[in-house]
Amino acid sequence: MNRREFVELGIAAGAALAVQPTIASAGDAPAPQHTLPPLPYPYDALEPYIDAKTMEIHHSKHHQAYVDGLNKAEAELAKARSSGDYTTIEYWSKKAAFNGGGHFLHSMFWQIMAPANKGGGGKIPSKLEAALKDSFGSVEAFRAHFSAAAAAVEGSGWALLHVRPSDGRLIILQAENQHKLTPWGVTPIMGIDVWEHAYYLKYQNRRADYIKAWWNVVNWEKVEDNYLRIVGR
Ligand code: MN
């Protein structure tokens, strides 16, 4: 994914991905400077389903670390281009993928949730509902499949709902860490973070309880918006 596509996907996911060129060294392309997008609601807004302390640490510490890691990796890759020394290219390429995945998915994650009385867990808008029925048979089948995928992620990762523009289908996949197990040609429009840092303070080992509660804060309007930005309105 090139930088422009990354930015567009970030916008598609509703992420406030600020990309400001920094002063570049001679002959080098400007390095993007990623920043932590603000949460669209207070830390305690998703209570009682997701507790305020978890949201605060998750957003201000974990997501910030992915932003910092992505900036660092891209700066190191720019340095390698300047110096011509590519001895650490594998390391920094992996760091760019991991932290870039983390930054993108968390930016989307905050946006596709909303307080339960302010859009979270409400009715699924009609175009998204039709697409879910078309791809999964029924909304119930989609939810059962998505919940099962989330519960069964090995270690840390995500369950993700993707759009595949080549055939217009919605597909559910797992992601390990922030970026693994993803084929080319799909774009996530919705996901649940099942790293323990997303739920352990409140739910400890009970990931299934967290997943069940999480459905109460899904911002379906935003998920449909992400969908329509890719397939057209
Ligand atoms: Mn996370």
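About the criteria used
Residues numbered from 1 in each chain as written. Predicted model: local features only at pLDDT ≥ 70, side-chain atom pairs only at ≥ 80, totals over all residues. Heavy atoms only, no water. Salt bridge = Lys/Arg side-chain N within 4 Å of Asp/Glu carboxyl O. Helix = DSSP H or I, 4+ residues; strand = E, 2+ residues; numbered from the N terminus. Buried < 20%, exposed > 50% of the residue type's maximum accessible area, 1.4 Å probe, protein only. Expected span 1.5 Å × (residues − 1). Arc of directions from axis to C-beta. Contact = heavy atoms within 4.5 Å. Donors = N, O, S within 2.8 Å, 3.2 Å for Na, K, Ca; no water. Lys, Arg positive; Asp, Glu negative; His and termini not counted. Polar contact = N/O pair within 3.5 Å; in protein donor to acceptor, adjacent residues only side chain to side chain. Phe/Tyr/Trp six-rings, centres within 6.5 Å; stacked < 30°, edge-to-face > 60°. Lys NZ or Arg CZ within 6 Å of the ring centre and 35° of its normal.

A. The arrangement of the pattern of salt bridges in detail. Inspection of the entire model under this criterion finds 8 salt bridges. Here lysine 94 ties to glutamate 90 by a salt bridge, and the two come within 3.4 Å at their closest N and O atoms. Of the two residues, lysine 94 and glutamate 90 both sit in helix 3 (residues 89–111), 4 residues apart, roughly one turn of that helix. Judged on exposure class, the residue lysine 94 and its partner glutamate 90 are both exposed. Measuring nitrogen to oxygen at the nearest pair gives 3.8 Å for the salt bridge that ties lysine 133 to glutamate 129. Placement of both lysine 133 and glutamate 129 in helix 4 (residues 126–136) is noted, with a separation of 4 residues, approximately one turn of the helix. Through salt bridges with shared partners, one network takes in Lys72, Glu76 and Lys79.

B. Broad picture of helix 5 (residues 139–151). Across its 13 residues, helix 5 extends 18 Å between first and last C-alpha, which sits within 8% of the 18 Å expected from 1.5 Å per residue. Inspection of helix 5 places Val139, Phe142, Phe146, Ala149 and Ala150 among the buried residues, and these make up the whole buried set. Down the axis, helix 5 shows its buried residues gathered within 100° of arc, on one side only. The secondary structure elements touched by the buried residues of helix 5 are helix 4, strand 1 (157–164), strand 2 (169–176), strand 3 (187–193), helix 7 (207–214) and helix 8 (220–231).

C. Up close: the coordination of the manganese ion. Coordination sphere of the manganese ion, protein contribution only: His58 (NE2), His106 (NE2), Asp193 (OD) and His197 (NE2), at 1.9 to 2.2 Å. Within one chain, the residues serving as donors to the manganese ion are arranged as H-x47-H-x86-D-x3-H. Of this pair, histidine 106 sits in helix 3 while aspartate 193 sits in strand 3; the two residues are 87 residues apart in sequence, bridging distant segments of the chain. With respect to class, histidine 106 is no different from aspartate 193; both count as buried.

D. Local environment of the side chain of arginine 207. Here arginine 207 lies in helix 7. Lacking a salt bridge, the buried arginine 207 has glutamate 196 as its closest oppositely charged neighbour, with an N-O distance of 6.4 Å. For arginine 207, the side chain forms a polar contact with the main-chain oxygen of alanine 150, separated by 2.9 Å. Excluding residues that lie within four positions of it along the chain, arginine 207 makes contacts with Ala150, Ala151, Ala152, Val153, Gly155, Val194 and Tyr199.

E. Summary view of the packing of aromatic side chains. On inspection of all chains with the given rule, the structure shows 16 aromatic pairs. Centroid distance phenylalanine 98 to tryptophan 195: 6.3 Å. Interplanar angle 50°. Geometry classified as tilted. A residue pair is termed long-range when its members are at least 10 positions apart, and phenylalanine 98 in helix 3 and tryptophan 195 in the loop between strand 3 and helix 6 (200–203) qualify at 97 residues. Taken together, the ring pairs connect Phe136, Phe142, Phe146, Trp214, Trp215 and Trp220 into an aromatic cluster. The residue whose ring lies beneath arginine 143 is tryptophan 215, and the NZ or CZ to ring-centre distance is 4.5 Å. Over the face of the ring belonging to tyrosine 203 we find lysine 202, whose NZ or CZ atom lies 5.8 Å from the ring centre.

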